[in-house]
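Chain by chain, the residues:
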Amino acid sequence: MRYIHDTMDFQIEENQSSAKGTAVTLGKFDGLHRGHQKLLNEILRLQKEGYYGIVFAIAPENRTVLFTPEEKRHVLETYGIDCMIRCPFVPEILGMESEAFISEVLCRQLHAKQIVVGTDFRFGFQRSGDVETLRALQEKYGYTLTVIEKECYGDREISSTYIREALAGADMELVHDLMGGWYPVEGTILHGHQLGRKIGMPTINLRPDGYKLLPPPGVYYSDVVMMEPRTESTSEESQSMAADGSNAWKDGVTCHGITNIGYKPTVDGTFLGVETYLYGVHENLYGRNVRVLLRTFQRPEQKFTSVEELKAQMERDILSGKEYFGGE
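Residues numbered from 1 in each chain as written. Predicted model: local features only at pLDDT ≥ 70, side-chain atom pairs only at ≥ 80, totals over all residues. Heavy atoms only, no water.

Caption draft 1: Up close: the nonpolar core. Tyr183, Val290 and Leu294 are the most contacted members of the largest nonpolar core, which has 49 residues in total. Residues contacting Leu294, with those up to four places away along its chain left out, are Met172, Trp182, Tyr183, Val185, Pro215, Tyr220, Tyr221, Ser222, Thr259 and Ile261. Counting residues in each nonpolar core, the second largest holds 30 residues, with Ile102, Val105, Phe121 and Leu137 among its members. (Core = buried A, V, L, I, M, F, W, Y, C linked by side-chain atoms within 4.5 Å. Buried < 20%, exposed > 50% of the residue type's maximum accessible area, 1.4 Å probe, protein only. Contact = heavy atoms within 4.5 Å.)

Caption draft 2: Layout of the pattern of salt bridges. Scanning all chains against the criterion turns up 17 salt bridges. Between Arg156 and Glu165 there is a salt bridge; the shortest N-O distance is 2.9 Å. Where Glu186 meets Arg291, a salt bridge forms, and the shortest distance between an N and an O atom there is 2.8 Å. Of this pair, Glu186 sits in strand S9 (residues 183-188) while Arg291 sits in strand S14 (residues 289-300), and the two are 105 residues apart along the sequence. Connected via shared salt-bridge partners are Arg34, Lys38 and Glu151. (Salt bridge = Lys/Arg side-chain N within 4 Å of Asp/Glu carboxyl O. Helix = DSSP H or I, 4+ residues; strand = E, 2+ residues; numbered from the N terminus.)

Caption draft 3: The arrangement of the environment of Val185 in detail. In this structure, Val185 sits in strand S9. Considering only alpha carbons, one finds Val185 and Pro208, 23 residues apart in sequence, at a separation of 7.0 Å. Excluding residues within four positions of it along the chain, Val185 makes contact with Glu71, Leu206, Pro208, Lys212, Leu214, Val274, Val290, Arg291, Val292 and Leu294.

Caption draft 4: Highlighting the layout of surface pockets. Quantified by volume, the largest pocket comes out at close to 870 Å³. The wall of the largest pocket is formed by 35 residues, among which Gly27, Lys28, Asp120, Phe121 and Arg127 lie closest to the centre. Where the lining of the largest pocket is concerned, the elements lending two or more residues are strand S2 (22-27), helix H1 (34-48), strand S3 (52-58), helix H3 (91-94) and helix H7 (160-168). For the lining of the largest pocket, a count of residues per class yields 14 nonpolar, 11 polar and 10 charged. Estimates place the volume of the second largest pocket at around 330 Å³. In terms of lining residues, the second largest pocket is bounded by 18 residues, among which Gln37, Phe67, Val75, Gly180 and Gly181 are the most central. Within the residue set of the lining of the second largest pocket, elements represented by two or more residues are H1, helix H2 (69-79), S9 and S14. If one sorts the elements of the lining of the second largest pocket by residue count, H2 sits on top with four residues. Residue classes in the lining of the second largest pocket are distributed as 10 nonpolar, six polar and two charged. (1 Å grid on protein atoms, 1.4 Å probe; cavity = no way out; pocket = protein on both sides within 12 Å on 5 of 7 lines; lining within 4 Å. Points joined across faces, edges and corners; volume = space filled by probe spheres on them. Nonpolar A, V, L, I, M, F, W, Y, C, P; charged D, E, K, R; others polar.)

Caption draft 5: Broad picture of the packing of H7 against helix H8 (residues 172-179). Between H7 and H8, the shortest axis-to-axis distance is 8 Å and the interhelical angle comes to 160°. By the angle between their directions, the pair H7 and H8 is classed as roughly antiparallel. At the point where H7 passes H8, the crossing takes the left-handed sense. Contact with H7, carried on its side by Tyr162, Ile163, Ala166 and Leu167, involves Met172, Leu174, Val175, Leu178 and Met179 of H8 and no other residues of that element. Split by residue class, the contact of H7 with H8 holds nine nonpolar, no polar and no charged. (Axes fitted to C-alpha atoms, helices over the stretch in contact; angles between N-to-C directions. Parallel < 35°, antiparallel > 145°, perpendicular 65-115°, else oblique. Left-handed = near helix turned anticlockwise from the far one by under 90°.)

Bear in mind that shape data such as this cannot, by itself, settle questions of function.
What follows is the structure, given as structure tokens:
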């Protein structure tokens, strides 16, 4: 997938697209929920007809997000979208009149012949452009507009706001149903205090992007997916952690885990982190990128009076996780 970001140069050369031109969908795409997926599926359908598919994602500035840019990029790559454009939230875009945006960005730079949006899509200066604007200018600019109806869960429209509410309540099953998948937290495995390894329960530590929205601090059942091939290490630490002879954890492999989100109050409580115990994995994974998929809230974060008390609770958490994942 081609990825264009941090620039106003969105130019797609005609020889880079296709003879039919491009099919473009636009929006914030925060969370890439089931409503967004209806837009993506229409773009995939148009790609099969010979159009070059573009997701034009407007990047919010200085606010929390359900999906970081990299998380969003990975989902769209998996979907099979041809191109993602991450549009910066800058005055050049914010101050552009709606028709100018259509003529200059969508038609001149992106060669849009198909435009796919949701019913509430707004754009241009002071959000003056909408679906009716796009519909009225189809003939003038030579594109075809497709408007996709909202997706509902029960009697409520699925939205990023709805997901944020469910996430704030640690209702990870509802988040899953709204998104069509488990809530992800991606990052690079960092060195922690290595307390887990010292007490016989090694964990991996992530420090999420500062704008990544996390559920309340606590313990969650999770799946963990390796995102890159393992880099072999000859360090003594690596050799000791793989002493059981286990194979290198391969790209794309998923294992179950128990994840703590919080400030590690028993240790030092200095920053909000994501720490996961992995079932059956004993390798050196420092520096690897992983995706932690949060499945179910198990209990709130606690502060213990001693490391021994923490260890006893971790043992109970690990046992409860085995029961939770028992049939998988």
